[in-house]
Amino acid sequence: MPNLTRKLQKIGSSLLISIPSNWAKNVNLRKGDSISIEINSDSSISIYPIIQEETPKEVTIEFSDSNDKWISQIYGAYLLGYDIIRIKGSLQINFKNRELIKGVLRKLVGLEIVDEEGVIITTQFLLDASSMDISKILRRMSSIIGGMHRDVMNSINHNYVSQEPLLRGRDDEVDRQYFLIVRIIRSAMMNKKLASKFNLSNIDMLDYRIVANLVESAGDYIANLASFMPVFLENTLNKIKVINLLIAEMQEKSINGFITKNIDNSSEVVALYSKVKKMLHSMRENYFDYEVTSLLTVIEVVYLMDEIARCWVDVADLINPRI
């Protein structure tokens with residue numbers, strides 16, 4: 001849409017501007033209708049037509065037990081902000097396939113089954129996006145990741161017991177929160193009124209999208225770390241613990257710095273990563289000193305720790321100072 005300029009007119013003690021006629025026509029505004037005006041944090045204003053009741057966005061997805069295309073379509077519809085998603089089969093959907101569908105739905109926060117028939121399962125997003133706080137959802141993701149990381153470290157001993165099954169379950173919860181953030185951000189970018197309620201600019205929303213993805217990736221790396229963790233000699237075991245304590249500190253500073261816009265946290269994370277890199281380099285160079293199952297295991301553990309740390313560096317790079 002082209003930029004439009006208007007001259008201020010004064011009538012009595014009020015300053016007035018005219019509204020573009022094409023816009024008024026597109027949103028069905030007529031003489032006497034009311035509009036909503038919001039003052040943004042950057043001193044700009046946003047004007048919206050007052051809609052008494054918005055029509056829910058609906059989509060119908062064809063179910064077939066011969067392929068999984070419908071799964072990606074459900075995820076896509078959820079992330080695109082559809083309020084009502086119907087899964088429709090050509091024949092009656094049997095018990096096994098209903099349970100499969102419900103398993104997919106459990107991964108999507110707020111999407112609940114509201115009606116079931118023989119050939120159709122109707123779901124609806126029942127949360128109010130405007131009442132959500134993206135920063136709180138991100139902190140929840142980070143908190144789950146932090147707990148996963150601590151459990152991996154607590155289980156590193158000579159009687160190592162795999163935490164992978166438990167971690168996989170919590171990693172699924174991280175994915176659920178990640179999908180919710182993506183849905184909210186996409187909805188806000190398509191609905192400026194919703195975006196104004198979050199008090200986030202387009203750049204802020206893009207950054208939250210990137211950070212959420214980095215947190216989700218860190219969760220995957222941590223879950224993988226649990227499956228590859230070998231039994232090391234005591235001196236190497238201590239080194240791994242120190243590295244991961246530094247990485248945990250990087251996580252705390254990067255997430256807190258991003259949300260609070262504390263630019264000092266960014267440089268602190270970079271300094272911590274410098275220490276982590278030196279220790280990882282030492283592990284790579286001295287792999288022959290370790291009593292482990294295989295050299296491949298050492299390489300995999302070092303790689304995963306480095307990838308987790310890099311996630312927090314990338315988050316720190318997105319910290320914008322509070323102006």
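Residues numbered from 1 in each chain as written. Predicted model: local features only at pLDDT ≥ 70, side-chain atom pairs only at ≥ 80, totals over all residues. Heavy atoms only, no water.

1. A short note on the side chain of T123
Defined as follows: We count a stretch as a helix when DSSP gives it H or I for four or more residues in a row; a strand needs E for two or more, and each element gets its number in order from the N terminus. Accessible area is worked out with a 1.4 Å probe on protein chains only. A residue is then buried under 20% of its type maximum, exposed over 50%, and partly exposed in between. Polar contact is the term for a pair of N or O atoms within 3.5 Å; when the atoms are in protein, one must be able to donate a hydrogen and the other to accept it, and sequence-neighboring residues count only if both atoms are side-chain atoms.
Here T123 shows up in strand β8 (residues 120–125). For T123, a relative accessible area of 0% gives the class buried. Only 2.8 Å separates the side chain of T123 from the backbone oxygen of I85, close enough to count as a polar contact.

2. Some points on unusual backbone geometry
Of note, K261 is a non-glycine position whose phi angle comes to about 60°, a positive value. Tracing the chain through its elements places K261 in the loop between α8 (234–260) and α9 (263–285). K261 gets classed as partly exposed once you look at its relative accessible area, which sits at 28%.

3. Re the sheet that holds strand β5 (residues 58–63)
Note: strands within a sheet are paired through backbone hydrogen bonds, in either parallel or antiparallel orientation. Threshold: Two strands qualify as a pair provided DSSP detects at least 2 bridges between them. Each axis is a line fitted through C-alpha atoms, taken for helices only over the stretch in contact, and angles between the N-to-C directions span 0 to 180 degrees. In what follows, a contact means two residues having at least one pair of non-hydrogen atoms within 4.5 Å.
Sheet architecture is open: four strands sit in the order β5-β6-β8-β7, paired in mixed fashion. Strands at the two margins of the open sheet, each flanked by one partner only, are β5 and β7 (111–116). In this sheet, adjacent strand axes meet at a mean angle of 25° when their direction is disregarded. Here β7 pairs with β8 via five bridges, running antiparallel. Note that in β8 the partner of D115 across the bridge is T122. Each of β5, β6 (84–89), β7 and β8 touches helix α2 (residues 69–79); the most contacted strand, β5, lies at about 170° to it. Contacts from helix α3 (residues 95–105) reach β5, β6, β7 and β8 within the one sheet, and its direction differs from that of β7 by about 150°.

4. Comments concerning the packing of aromatic side chains
Stated precisely, the cut-off is as follows: Pairing of aromatic side chains requires ring centres within 6.5 Å, counting the rings of Phe and Tyr and the six-membered ring of Trp. Pairs whose planes differ by under 30 degrees are stacked, by over 60 edge-to-face, and all others tilted. Any Lys NZ or Arg CZ found within 6 Å of a ring centre and within 35 degrees of that ring's normal is scored as a charge over the ring.
According to the stated counting rule, one finds five aromatic pairs in the structure shown. Judged by centre distance (6.0 Å) and plane angle (75°), the rings of Y78 and F125 are edge-to-face. Of this pair, Y78 sits in helix α2 while F125 sits in strand β8, and the two are 47 residues apart along the sequence. Across the pair, F125 and Y78 agree in class, each one buried. Taken together, the ring pairs connect Y75, Y178 and F179 into an aromatic cluster. Geometry around Y82 places K57 over its ring, the cationic atom sitting 4.7 Å from the centre. Between the NZ or CZ atom of R183 and the centre of the ring of Y78, over which it lies, the distance is 5.1 Å.

5. Observations regarding the pairing of β8
Burial analysis of β8 places five of its six residues in the buried class, the great majority of the element. Pairing geometry for β6 and β8, over five bridges, is antiparallel. Bridge pairing in β8 places I87 opposite I121. Connecting the antiparallel pair β7 and β8 is a turn made up of three residues.

6. Observations concerning the nonpolar core
Proteins that are soluble and globular tend to have nonpolar side chains buried together. Applied cut-off: In this text, buried Ala, Val, Leu, Ile, Met, Phe, Trp, Tyr and Cys residues form a nonpolar core when linked through side-chain atoms within 4.5 Å.
If you look at the biggest cluster of nonpolar residues, it comprises 83 residues, and the most contacted ones within it are Y78, M250, F258, V276, M305 and W312. The element contributing the most residues to this core is helix α10 (residues 295–317), with 12 residues. Leaving out residues up to four positions away in the same chain, F258 has contacts with L138, D207, Y208, V211, V315, L318 and I319.

7. With respect to the pattern of salt bridges
Stated precisely, the cut-off is as follows: Note on definitions: salt bridges are taken to be side-chain nitrogens of Lys or Arg within 4 Å of carboxyl oxygens of Asp or Glu.
The tally for this structure, following the rule as stated, stands at 11 salt bridges. Where R183 meets D83, a salt bridge forms, and the shortest distance between an N and an O atom there is 3.9 Å. Taken together, the residues span a long stretch of sequence, with R183 in helix α5 (residues 164–190) and D83 in the loop between α2 and β6 at a distance of 100 residues. Measuring nitrogen to oxygen at the nearest pair gives 3.7 Å for the salt bridge that ties K261 to D204. In this pair, K261 is assigned in the loop between α8 and α9 and D204 in helix α7 (residues 202–228), connecting sequence segments 57 residues apart. Given the relative accessible area of 17%, D204 is considered buried.

8. Some remarks on the environment of L29
The residue L29 is located in the loop between α1 (21–26) and β3 (35–39) in this model. Considered as a pair, L29 and P49 are 20 residues apart in the sequence and their alpha carbons are 7.2 Å apart.

9. Section: α9
As a reminder, the rule being used: Every helix has an expected span of 1.5 Å times one less than the residues it contains.
The first and last C-alpha atoms of α9 sit 34 Å apart over 23 residues, in line with the 33 Å expected at 1.5 Å per residue. Among all positions in α9, only N265, S266, V269, L272, Y273, V276, L280 and M283 are buried. One side-chain oxygen at the N-terminal end of α9 lies 3.1 Å from the backbone nitrogen of D264; it belongs to N262.

Read these as spatial facts, not as claims about activity.
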